[in-house]
Amino acid sequence: MKISSLEIKDFPPIKNFKLENLGDIVIIAGANGSGKSRLKGAIVNTFQGGNQMSISLLATREKEKEDFQADTLIVKQGVQNPILMEYMNKRRFGRGQYIGSLVQIDSQRNIETTRYQPIGWQVADPDDEVETPSTFYCQNFTNRWQDFMNYIHKKLAAYQNKLAEEVRHGSNSDTIEKIKEKFPDPFKKYKDIFQIIFPEKELLDINPASPSEFKYKDNLGVTLPFSSLSSGEQEVIKVLFDVARKEIRDSVIIVDEPELHLHPTLTFKLVEALKFVGGHSNQFIFLTHSADLISTYYSTGNVYFIDSEQSGSNQAHRLSDLNHSHKELVDLIGENLGLFAVGKKLVFVEGEDSSIDRLVYHALAQKYLPEAKIIPVGSVENIIALNAFEKQIRKSIFGINLYMIRDRDGLSTNQITTLENAGKIKCLKKRHIENYFLDAEILFKVAQRLYTISVKPEITQQYIDSELKRIASEQVKLNLLQNTKEYIATNHNFNIPTIKSLDQKSCDDIIGEFSIATTEALASFSGDISQANVKTWMDSEKERLKKALKDDCWKDEFQGKVIFSKLCSDVLNEDKIKVKEAYIDIALKDKPIIFNDIKEILESFN
């Protein structure tokens, strides 16, 4: 299930707050005292029968459609909904499952002392003991962590008993390896999570006979206690271990202040890791002050700001919809959230602030250049202008390094080499950033995640591949025209005349000399770009484009922006921002080689 809309009125300090058409990632920001925690409490309360707000719940499983008796269940503020109550009361999960329910991770995540329980020799698997109710993840986080530490030691004790029992009574032909394949180590998934967050550290196995805090090895091989991690590092691991305990799927996960005690890099790692829980089947609502999260995700259209100054009308403002007419609100947001915090390495990229491109680069930067701050600066002309004086900026601001990434567009290899040698600028190897979003395998997985296939069952990986080729074939004329324009613009510049010895000349002398030099420059320019020359170049370019289409090089060469946009609208019938957001997540997990070019660029900035 997922929340498709929510509304709450007269719930101090909130007067009227309404969100509609919510996506899988929703970020709600606001100043202190604006009502974020109250909002979270109202959502949890409504799922437990308190009905403090109006909610529309979209069924994401066939079983939910049966239980809801419709595709969408409507809950009204102040009115008890017996269908929701019956559904939530039926939520009982065994074997570590947790499906179609609610998870809350509150902001109180400090754990002082863990109290360990003694473990008997014949301890039972805690996942077999009792069913998990729908309220399991509604209790406060500190209690869940206390419970988890005892749970994991019991789980390991029960696992070791199973192994010993299998060795005693199993087949003589079974090796230890076969037995371990039959009974997977339940602690391995936690070790894997630890390794993802801290690649240079290794979480060590625990001894259930002597319960104690976790230990790990650092990059030098030194064994250290879990408490030696920073408070932020500990918090990230605790949150991820907490949700990893159950196989959470098709649920709503609310996280209050994910950035609390965390460096921006850790915050982003936490959010990205949470998104993979349950195979992307869950919906996340983040209530935050984090400037980094807000500025990274607001281009998706799912970032909202609670305007505590608003009265009467809706206090929820979608940040991506704001423009210059909202100056007072924009100023208020900037004052409260500090949207323009910067890091030590600034990486300027093509694209407006509202562009999803920033999310692409940010996701990659957090993996390959975590200390970077990605800043979109609009057109390529702005990138070029910035490249012209970045050295002066770098010398003026201590500790700041500036880098730039631009689309390749129609530049030749020699032009790219000259440009990159002239400053801290790098060009993509493909024409546009969108050219990296044309992999049919990943696009098919995106269609599966966005439920596109349920609406258009004809969509297969092969179908997407053929449609991409068809769209590209239709773009030969567009590419020919655009390439010609770019060729002329980059190779045939009009040389503006210069005048020497100004002190020795009058104004009339300067006017006369400049006019004559202009006429000569125009004549030279016209001769250099004759009709015959242009036709010869365009004939050659036409054949090159046709060959690229035949040789399947078009995914690098053609106008990726146009092809990707048409695929989203004409084939997938999905918003291109949603497609890009899902594509990034899936590609980075399943096929990161797609972004290898960008990875190499970012790593070159180290």
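Refer to the structure above for everything that follows.
Keep in mind that this is a model prediction, so the values were computed, not measured.

Thoughts on the sheet that holds strand E16 (residues 303–306)
- Within the open sheet, the six strands sit side by side as E8-E14-E15-E3-E16-E17. Their pairing is mixed. Two strands lie at the open edges of the sheet, namely strand E8 (102–105) and strand E17 (316–318), each paired on one side alone. Direction aside, neighbouring strands of the sheet carry axes that sit 20° apart on average.

Some words on the layout of surface pockets
- Empty space within the largest pocket amounts to approximately 1200 Å³.
- If you trace the largest pocket, you find 35 residues lining it, with Ile-193, Ile-196, Ile-197, Lys-269 and Ala-273 closest to the centre.
- Residue assignment for the lining of the largest pocket shows that the elements contributing at least two residues are helix H7 (188–197), helix H8 (231–244), strand E13 (247–249), helix H9 (264–275), helix H12 (357–368) and helix H23 (576–590).
- A per-element tally of the lining of the largest pocket places H9 first, with six residues.
- For the lining of the largest pocket, the per-class residue count stands at 17 nonpolar, five polar and 13 charged.

Things to note about the nonpolar core
- In terms of nonpolar packing, the biggest core is built from 113 residues, with Phe-214 and Phe-595 touching the most fellow members.
- Of all the elements, helix H5 (residues 141–169) adds the most residues to this core, at nine residues.

Observations concerning the pattern of salt bridges
- Overall, the coordinates contain 38 salt bridges when judged by the stated rule.
- Glu-20 serves as the salt-bridge partner of Lys-18, at 3.7 Å between the closest nitrogen and oxygen.
- You can call Glu-20 partly exposed: its relative accessible area is 44%.
- A salt bridge links Lys-566 to Asp-570, with the nearest nitrogen and oxygen atoms 3.4 Å apart. One end of the pair is Lys-566 and the other is Asp-570, both in helix H22 (residues 560–572) and four residues apart, which spans about a single turn.
- Looking at Lys-566, the relative accessible area reads 28%, which means it is partly exposed.
- The exposure class of Asp-570 is partly exposed, given its relative accessible area of 41%.
- Within the structure, one salt-bridge network assembled from shared partners comprises Asp-439, Glu-441, Lys-445, Lys-589, Asp-590 and Lys-591.

Looking at the packing of aromatic side chains
- Tallying each qualifying case throughout the model produces 22 aromatic pairs.
- A ring pair is formed by Phe-437 and Phe-564, whose centres lie 5.8 Å apart and whose planes are at 65°; its orientation type is edge-to-face. Residue Phe-437 is found in the loop between strand E21 (425–427) and helix H15 (440–449), and its partner Phe-564 is found in helix H22; the two are separated by 127 residues along the sequence. The pair formed by Phe-437 and Phe-564 is uniform in burial state, with each residue classed as buried.

Here we look at helix H14 (residues 413–421)
- Within H14 the residues assigned to the buried category are Gln-415, Ile-416 and Leu-419. Summarising the axial view, the buried residues of H14 lie within an arc of 100°, below the 170-degree limit, and thus occupy one face. Residues of H14 that are exposed and point more than 90 degrees away from the buried face comprise Thr-413, Asn-414, Thr-418 and Asn-421.

Regarding the pairing of strand E4 (residues 54–58)
- Counting buried positions along E4 yields four of five residues, so the element is predominantly enclosed.
- Of the pairings in the sheet, the one linking strand E1 (residues 2–11) to E4 comprises five bridges and is antiparallel in character. Counterpart to Ile-3 in the pairing with E4 is Leu-57.
- Where E4 and strand E5 (residues 72–75) come together, four bridges link them in antiparallel fashion. The partner of Ile-55 across the bridge, within E5, is Val-75.

Some thoughts on the packing of H22 against H23
- For the pair H22 and H23, interaxial distance at closest approach is 9 Å and the crossing angle is 105°. One finds that H22 runs roughly perpendicular with respect to H23. Judged by residue contacts, Phe-564, Ser-565, Cys-568 and Leu-572 of H22 engage Lys-576, Val-579 and Lys-580 from H23.
- Taken together, the residues that form the contact of H22 with H23 break down as four nonpolar, one polar and two charged.

Some words on the sheet that holds strand E11 (residues 215–217)
- Strands sit in the order E10-E11-E12 across an open sheet of three strands; the sheet is antiparallel. Single-partner strands in this sheet number two, and they are strand E10 (202–203) and strand E12 (223–225).
- Two strands pair when backbone bridges link them, and E11 and E12 are joined in this way by three bridges, in the antiparallel orientation. Across the sheet, Lys-215 pairs through a bridge with Pro-225, a residue of E12.

Side note on the packing of H15 against H23
- The N-to-C vectors of H15 and H23 enclose an angle of 120°; their axes lie 9 Å apart at closest approach. As far as their axial angle goes, H23 and H15 are oblique. As for how H15 packs across H23, the hand of that crossing is right-handed. Along the contact surface, H15 presents Ile-442, Leu-443, Lys-445, Val-446 and Arg-449, while H23 presents Val-579, Ala-582, Tyr-583, Asp-585, Ile-586, Ala-587 and Asp-590.
- Residue composition of the contact of H15 with H23, by class: eight nonpolar, no polar and four charged.

With respect to empty space enclosed by the protein
- The final tally for this structure, using the stated rule, is two cavities of 30 Å³ or more.
- In this structure, the largest cavity encloses a volume near 70 Å³.
- Taken together, Met-1, Lys-2, Asp-24, Thr-60, His-280, Ser-281, Asn-282, Gln-283, Arg-449 and Tyr-451 form the lining of the largest cavity.
- Of the pockets and cavities examined, the second largest cavity occupies roughly 30 Å³.

The rules behind the values
- Residues numbered from 1 in each chain as written.
- Predicted model: local features only at pLDDT ≥ 70, side-chain atom pairs only at ≥ 80, totals over all residues.
- Heavy atoms only, no water.
- Pairing = 2+ DSSP bridges.
- Helix = DSSP H or I, 4+ residues; strand = E, 2+ residues; numbered from the N terminus.
- Axes fitted to C-alpha atoms, helices over the stretch in contact; angles between N-to-C directions.
- 1 Å grid on protein atoms, 1.4 Å probe; cavity = no way out; pocket = protein on both sides within 12 Å on 5 of 7 lines; lining within 4 Å.
- Points joined across faces, edges and corners; volume = space filled by probe spheres on them.
- Nonpolar A, V, L, I, M, F, W, Y, C, P; charged D, E, K, R; others polar.
- Core = buried A, V, L, I, M, F, W, Y, C linked by side-chain atoms within 4.5 Å.
- Buried < 20%, exposed > 50% of the residue type's maximum accessible area, 1.4 Å probe, protein only.
- Salt bridge = Lys/Arg side-chain N within 4 Å of Asp/Glu carboxyl O.
- Phe/Tyr/Trp six-rings, centres within 6.5 Å; stacked < 30°, edge-to-face > 60°.
- Arc of directions from axis to C-beta.
- Parallel < 35°, antiparallel > 145°, perpendicular 65-115°, else oblique.
- Contact = heavy atoms within 4.5 Å.
- Left-handed = near helix turned anticlockwise from the far one by under 90°.

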